[in-house]
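Architecture and fold: a report
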Amino acid sequence: MPAMEHFPDLTPDQIERTTARLHRVARAWVDDAGARDLAQMAWLKVSAGEFSGVRKLESFLIGVVRNLARKEARGHSRRAHREEQVARPEGIPSAAELAERNELAARLAKAIGELPEPQRTAVLLRYDQGLTAAEIARTLDVGPGTIRTRLSRARKTLRDKLQDSTDPQINWALILPAWAPKPTVSSAIGVVF
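Counting of residues starts from 1 at the beginning of each chain's written sequence and follows it residue by residue. A pLDDT threshold of at least 70 governs which residues receive local features in this predicted model, and a stricter bar of 80 or more applies before side-chain atom pairs are shown or counted, although totals over entire chains, interfaces and linings include all residues. Excluding hydrogens and water, the side-chain values take into account all heavy atoms of the structure.

1. As for the pattern of salt bridges
Salt bridges, as used here, are contacts in which a Lys or Arg side-chain nitrogen is within 4 Å of a carboxyl oxygen on Asp or Glu. Under the counting rule described, the total for this entry stands at 8 salt bridges. Between Asp-13 and Arg-17 there is a salt bridge, and its shortest N-O distance comes to 2.3 Å. Remark: Arg-17 and Asp-13 occur in helix α1 (residues 12–26); sequence separation between them is 4 residues, near one turn of the helix. Taking relative accessible area as the criterion, Arg-17 reaches 48% and is therefore assigned partly exposed. Counted as one network, the salt bridges with shared partners bring together Lys-110, Glu-114 and Lys-161. In this text, helices come from DSSP runs of H or I with a minimum length of four residues, and strands from runs of E with a minimum of two, each type numbered from the N-terminal end. Buried means the residue's accessible area, taken with a 1.4 Å probe over protein chains only, is under 20% of the maximum for its type, while exposed means over 50%, and partly exposed covers the values in between.

And the structure:
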């Protein structure tokens, strides 16, 4: 709310009503907090001038709010355009990356196929079907500890078999989402292979 000494001809009630109207006008362009800011900026712009009569002042303030809102919208539009121009398309893999993923997928599928039977089944149920160790244990009628051991040994075997000498930090489960568990356990994938 503006200081009374800048507008001696206005009552506090008139200032409050005018501010509320400015806020409503500004809401056509910006959110609630932005509308309050625009209303305050309008009062600041006119606080140095002298106005006689509320009607003239209110019309002028509304014009100031509209101009400030348009200027803000233009600035926002320009910023968004600049950001869009310099943004990199990070979500789209290159053809070389896709070819590398396909090669890695084939290597992983071959390595899983070469696992001993109890480990292969546990890995497929875990990462292809998304079952938990407890669900796999119930399905295969074995203890959950047995399934955890099979999965642990299978991960070690796969890690040893698939580690690439040029890139020892390949995270196989992140490269091949089809082999990842359901999203509820995806945070644990980083340590899978």
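2. Focus: the nonpolar core
The biggest cluster of nonpolar side chains holds 19 residues, and the ones touching the most others in it are Leu-22, Leu-38, Trp-43, Val-46, Leu-57, Leu-61 and Val-65. Listing elements by their share of this core, those giving two or more residues are α1, α2 (32–46) and α3 (54–86). With 17 residues, the next largest nonpolar core counts Leu-108, Ala-154, Leu-158 and Leu-162 among its residues. Grouping buried Ala, Val, Leu, Ile, Met, Phe, Trp, Tyr and Cys residues that are joined through side-chain atoms within 4.5 Å yields what is termed a nonpolar core.

3. A word on a positive patch on the surface
A patch consists of residues exposed above 30% relative accessible area that lack any salt bridge, with like charges linked at up to 9 Å and nonpolar side chains (Val, Leu, Ile, Met, Phe, Trp, Tyr) linked at up to 5 Å. Under the convention used here, a 1.4 Å probe and the Shrake-Rupley method define accessible areas, while residue burial counts only the protein chains that appear. The positive count covers Lys and Arg only, the negative count covers Asp and Glu only, and His and the chain ends enter neither. Charged side chains are reduced to one point each, which is NZ for Lys, CZ for Arg, CG for Asp and CD for Glu. A surface patch of positive charge is lined by Lys-45, Arg-66, Arg-70, Lys-71, Arg-74, Arg-78 and Arg-82. With respect to the element layout, Lys-45 can be found in helix α2.

4. Notes on the packing of helix α6 (residues 133–140) against helix α7 (residues 144–162)
To get an axis, a line is fitted to the C-alpha atoms, and for a helix only the part in contact is used. The angle between two axes follows their N-to-C directions and goes from 0 to 180 degrees. At a minimum axis separation of 8 Å, α6 and α7 run at an interaxial angle of 110°. Considering their axes alone, α6 and α7 lie roughly perpendicular with respect to each other. As α6 runs across α7, the sense of the crossing is right-handed. Listed contacts from α7 to Ala-133, Ile-136, Ala-137 and Leu-140 of α6 are Pro-144, Ile-147, Arg-148 and Arg-150. Residues are grouped as follows: nonpolar covers Ala, Val, Leu, Ile, Met, Phe, Trp, Tyr, Cys and Pro; charged covers Asp, Glu, Lys and Arg; every other residue, Gly included, is treated as polar. The residue makeup of the contact of α6 with α7, split by class, is 6 nonpolar, no polar and 2 charged. Oblique is the label for every angle not falling under 35 degrees (roughly parallel), over 145 degrees (roughly antiparallel), or within 65 to 115 degrees (roughly perpendicular). In a left-handed crossing the near helix is turned counterclockwise from the far helix by less than a right angle, and in a right-handed crossing that turn is clockwise. Contacts: residue pairs with any heavy atoms within 4.5 Å of one another.

5. Concerning the packing of helix α5 (residues 117–128) against α7
Between α5 and α7, the shortest axis-to-axis distance is 9 Å and the interhelical angle comes to 95°. Relative to α7, α5 is oriented roughly perpendicular. Residues Pro-118, Gln-119, Ala-122, Val-123, Arg-126 and Tyr-127 of α5 lie in contact with α7, whose contacting residues are Arg-150, Leu-151, Arg-153, Ala-154, Arg-155 and Thr-157.

6. Digging into helix α4 (residues 95–113)
Look at α4: 27 Å from first C-alpha to last across 19 residues, which is about the 27 Å you get at 1.5 Å a residue. All buried positions along α4 are accounted for by Leu-104, Leu-108, Ala-111 and Ile-112. Summarising the axial view, the buried residues of α4 lie within an arc of 95°, below the 170-degree limit, and thus occupy one face. Turned more than 90 degrees off the buried face of α4, the exposed positions are Ala-95, Asn-102 and Lys-110. Helix span, expected: 1.5 Å multiplied by one less than the number of residues in the helix. Along the arc lie the directions from the helix axis toward the C-beta atoms.

7. Observations regarding the environment of Leu-22
Structurally, Leu-22 can be placed in helix α1. Residues Leu-22 and Ala-42 lie 20 residues apart in sequence; the distance between their C-alpha atoms is 8.5 Å. What Leu-22 contacts, discounting residues up to four positions off in sequence, is Ala-39, Trp-43, Leu-61, Ile-62 and Val-65.

8. What to know about α1
Here α1 contains 15 residues, and its C-alpha end-to-end distance of 21 Å stays within 8% of the 21 Å for a straight helix at 1.5 Å per residue. For α1, the set of buried residues is Ile-15, Thr-18, Thr-19, Leu-22, His-23, Val-25 and Ala-26. Looking straight down α1, one finds that the buried residues subtend no more than 160° of arc, so they occupy a single side.

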